[in-house]
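Below, each chain spelled out in residue letters.
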Amino acid sequence: MQTDVSKWLDLLNYQTGSEKIDNVRISTLELIGQHYPGMLKASPNQTLSLEESTLFCLALADKVSTHEFLQSLSVFIDLLYFGRDNLDWEVFIPSHPALTRREKNRFIAGDFAVDQANAAARLLIDDLKNPIPATLLQRYGQILLSAVLFGGLTSPGDHYHFLSALTDMSHLATGTLVVPLEKHLWFADPITQGLLLRWHKSHQQDHQFVAETLYTDRAIQAYLASHNFSFSISVAALRKQCTQRLSLRLPPVLIDYASGKNISYSLPQPTWHRLYSGQALAISNQNNIAEETLPKADESYSSHPSVIDLREQMTLFKDLTKKVAKWVINTLFIVRYSKIFCAKIKTPSLQYSIISFVGASSW
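Residues numbered from 1 in each chain as written. Predicted model: local features only at pLDDT ≥ 70, side-chain atom pairs only at ≥ 80, totals over all residues. Heavy atoms only, no water.

Enquirer: Would you explain the overall build of the chain in this entry?
Expert: For the chain, the helix and strand inventory stands at 16 helices and four strands. Each of the 363 residues in the chain was classed as buried or not, and the buried ones make up 31%. For the chain, restricting intrachain contacts to residue pairs at least 6 apart in sequence, the fraction spanning at least 24 positions comes to 64%. With the model as given, the accessible surface of the chain reaches about 24100 Å², and the carbon-plus-sulfur share is 58%. (Helix = DSSP H or I, 4+ residues; strand = E, 2+ residues; numbered from the N terminus. Buried < 20%, exposed > 50% of the residue type's maximum accessible area, 1.4 Å probe, protein only. Contact = heavy atoms within 4.5 Å. Areas by Shrake-Rupley, 256 points an atom, 1.4 Å probe, with all protein chains shown as cover.)

So, in C-alpha cells, the structure goes:
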C-alpha cells in the first residue's frame, strides 16, 4: 500500500509540505485504499455512486477537525478528478465546501439606538408638504439627510461626490436616478429623487456649487436647526443610527453585499426583488421569450468562466494569488532598499533616476 500511496502523491503533483499536511495526505490515501483498493492501485474503469461518495466523506469527517477534514476532502476530490480524466472512471465528485466566518452581532447592547434617526425621518416626511427650504445650505442638508435616511448613503466620503454629481439632472424624470460616486453607484430612493426633482426645477442657481458644500455635516445641521430639531447627538452618531435603522428593514445578505462584506457577482433584478421582498416571484413568459430571441453564441470557443471546469478555476485562482503575493513582496523589497540606498547618495539627479526606475519597475 505504501508504494501505491507514493505513486498517487506523484500523480497528483503534491509538493512536500509541512509534516501535518503530508500526514493528512498519506492518511487520506490509505483510507481510500481501505474502502476502494482499485482506486488506490490506479486501476481503470472504477465507479463511485453518490451514496458511496457521501458515505466516504462521512468517514473522512469522523473524529477530525474541520480544517483537517477539508484537507482530506481536497485530496479525495483531486484523486477523483484525476481518475475521471485519465483512467476512465465513472465517479460522483463531491463539492468542496467553503468556510464562512461567523457573522458579528449587528446590534450590541448599549450601542444600539435609532430614536434620533426615527425622529429625523418623521421630521423630513412631515416637511415634504412645506415649501423648499429657504437657504442653499438648508436645501443641501435636506437632500443629504434624505439620502442618508432612506437611501443608505451613510458614508461621509460619498457626500461631496454625491452633491457634485447632481449638476446634470436632465435624465432625472425618465427613471431611477443613478449617481456615480468615487467607487460605486448609488441608486436614489423615491423620497430623495422627489426632493431632487423639486430642487432642480425650482432652484437652478444652486447648481453652481460653492465651498460650503464641502462641509456636508454642517448642511445637515443647518436643515435640522431650521426646524428646531432637538439634536442631542453629533451628525456622525446620527449616521450610525441611520445605518442601524436600515439594518432593521433589510435582509442581512443585502446589507453585507452593499457594505462590501460579501463579494459576489451582481444578481439579476428579479433575484434582488425576491431577496428584498422575501416573497416568491411568479414565472413570467416574457423572460422565456427574451431568452429565445437572443442570438446563440458560437459554441466552438468561449472564454466565459462558466465553461471552465470548477477545478481549473480554483487552480487558476491559486496561481494568480501566488503570483500577486510574490510581486508584492518583491516590490516592497525593491522600494525599501532603494530608499536606503538613496539616503546614502548625495547627488539629487542620481537619486531621481533611481526613484524613477523603482517606480516604473514596481508596476
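Enquirer: Please explain a nonpolar patch on the surface as it appears in this structure.
Expert: Taken together, the side chains of V178, L185 and F187 make up a nonpolar region of the molecular surface, amounting to roughly 280 Å² of accessible area. If you trace the backbone, L185 turns up in strand β4 (residues 185-187). The class for L185 is partly exposed, based on a relative accessible area of 48%. (Patch = residues over 30% accessible without salt bridge, like charges linked within 9 Å, V, L, I, M, F, W, Y side chains within 5 Å. Salt bridge = Lys/Arg side-chain N within 4 Å of Asp/Glu carboxyl O.)

Enquirer: I'm lost on the confidence of the model for the chain in this one. Help?
Expert: Overall, the predicted model of the chain reaches an average pLDDT of 75, with 67% of residues at or above 70. Segment residues 285-306 is flagged for pLDDT under 50; beyond a separation of four residues in sequence, or across chains, it makes two contacts in the model. This model gives residues 349-363 a pLDDT under 50, and the stretch forms 15 contacts once residues within four places in sequence are excluded. (pLDDT = per-residue confidence, 0-100.)

Enquirer: Would you mind showing me how to read the packing of aromatic side chains here?
Expert: We describe a pair of aromatic rings using the distance from one ring centre to the other and the angle between the two ring planes. Enumeration over the complete set of coordinates arrives at five aromatic pairs. With 6.1 Å between their ring centres and 55 degrees between their planes, W8 and W89 make a pair best called tilted. Of the two residues, W8 sits in helix α1 (residues 2-11) while W89 sits in the loop between α5 (66-86) and β2 (90-91), which places them 81 residues apart along the sequence. The exposure class assigned to W8 is buried, which follows from its relative accessible area of 0%. On the basis of an interplanar angle of 80 degrees and a centroid distance of 5.1 Å, the ring pair of F162 and W186 is categorised as edge-to-face. Linking F162 in helix α8 (residues 159-164) with W186 in strand β4, this pair joins segments that are 24 residues apart in sequence. For the pair F162 and W186, a shared accessibility class is recorded, and that class is buried. Cluster of aromatic residues (ring-pair linked, three or more members): W8, F82 and W89. (Phe/Tyr/Trp six-rings, centres within 6.5 Å; stacked < 30°, edge-to-face > 60°.)

Enquirer: For this particular structure, what's the right way to read the packing of helix α2 (residues 19-35) against α5?
Expert: A pair of packed helices is characterised by two quantities: the angle between their axes and the separation of those axes. Across the interface, α2 lies against α5 with an axial gap of 9 Å and an inter-helix angle of 55 degrees. Relative to α5, the element α2 lies oblique. The chirality of how α2 crosses α5 is right-handed. Here α2 contributes I21, V24, R25, T28, L29 and I32 to the contact with α5, which in turn contributes E68, Q71, S72, V75, F76 and L79. A class-by-class count of the residues in the contact of α2 with α5 yields seven nonpolar, three polar and two charged. (Axes fitted to C-alpha atoms, helices over the stretch in contact; angles between N-to-C directions. Parallel < 35°, antiparallel > 145°, perpendicular 65-115°, else oblique. Left-handed = near helix turned anticlockwise from the far one by under 90°. Nonpolar A, V, L, I, M, F, W, Y, C, P; charged D, E, K, R; others polar.)

Enquirer: Just to check I follow, could you spell out α5 for this structure?
Expert: Along an α-helix, residues three or four positions apart point the same way, because every turn accommodates 3.6 residues. For α5, spanning 21 residues, the distance from its first C-alpha to its last is 30 Å, which sits close to the expected 30 Å at 1.5 Å a residue. Following α5 by one or two positions, D88 adopts a phi angle in the positive range, close to 60 degrees. (Expected span 1.5 Å × (residues − 1).)

Enquirer: What is the right way to read the pattern of salt bridges from this model?
Expert: Scanning the model with the defined rule gives four salt bridges in all. Between D85 and R84 there is a salt bridge; the shortest N-O distance is 3.0 Å. Judged by relative accessible area, R84 falls into the partly exposed class, the value being 35%. In this structure, D217 and R239 form a salt bridge, with 2.8 Å as the shortest nitrogen-oxygen distance. Taken as a pair, D217 in helix α10 (residues 216-226) and R239 in helix α11 (residues 235-247) lie far apart in primary sequence, 22 residues in all. With relative accessibility at 26%, the residue D217 sits in the partly exposed group.

Enquirer: How should I be thinking about the environment of F231 in this particular structure?
Expert: With respect to the secondary-structure elements, F231 resides in the loop between α10 and α11. Considering only alpha carbons, one finds F231 and A119, 112 residues apart in sequence, at a separation of 9.8 Å. When neighbours within four sequence positions are excluded, F231 is seen to be in contact with Q116, L224 and L238.

Enquirer: Would you explain the nonpolar core in this entry?
Expert: One broad trend across soluble globular proteins is that nonpolar side chains are buried collectively. Ranked by size, the top nonpolar core spans 34 residues in total, and within it L145, L149, F162, W186 and L224 carry the most contacts. When residues no more than four places from it in sequence are discounted, the contact partners of L145 are A120, L124, I220, Y223, L224 and L238. Counting residues in each nonpolar core, the second largest holds 27 residues, with I32, F69, I77 and Y81 among its members. (Core = buried A, V, L, I, M, F, W, Y, C linked by side-chain atoms within 4.5 Å.)

Enquirer: I'm lost on the side chain of Q116 in this one. Help?
Expert: The topology assignment puts Q116 in helix α6 (residues 115-126). Every residue in contact with Q116, bar those within four places of it in the chain, is listed here: F229, S230, F231, S232, I233, L238 and Q241.

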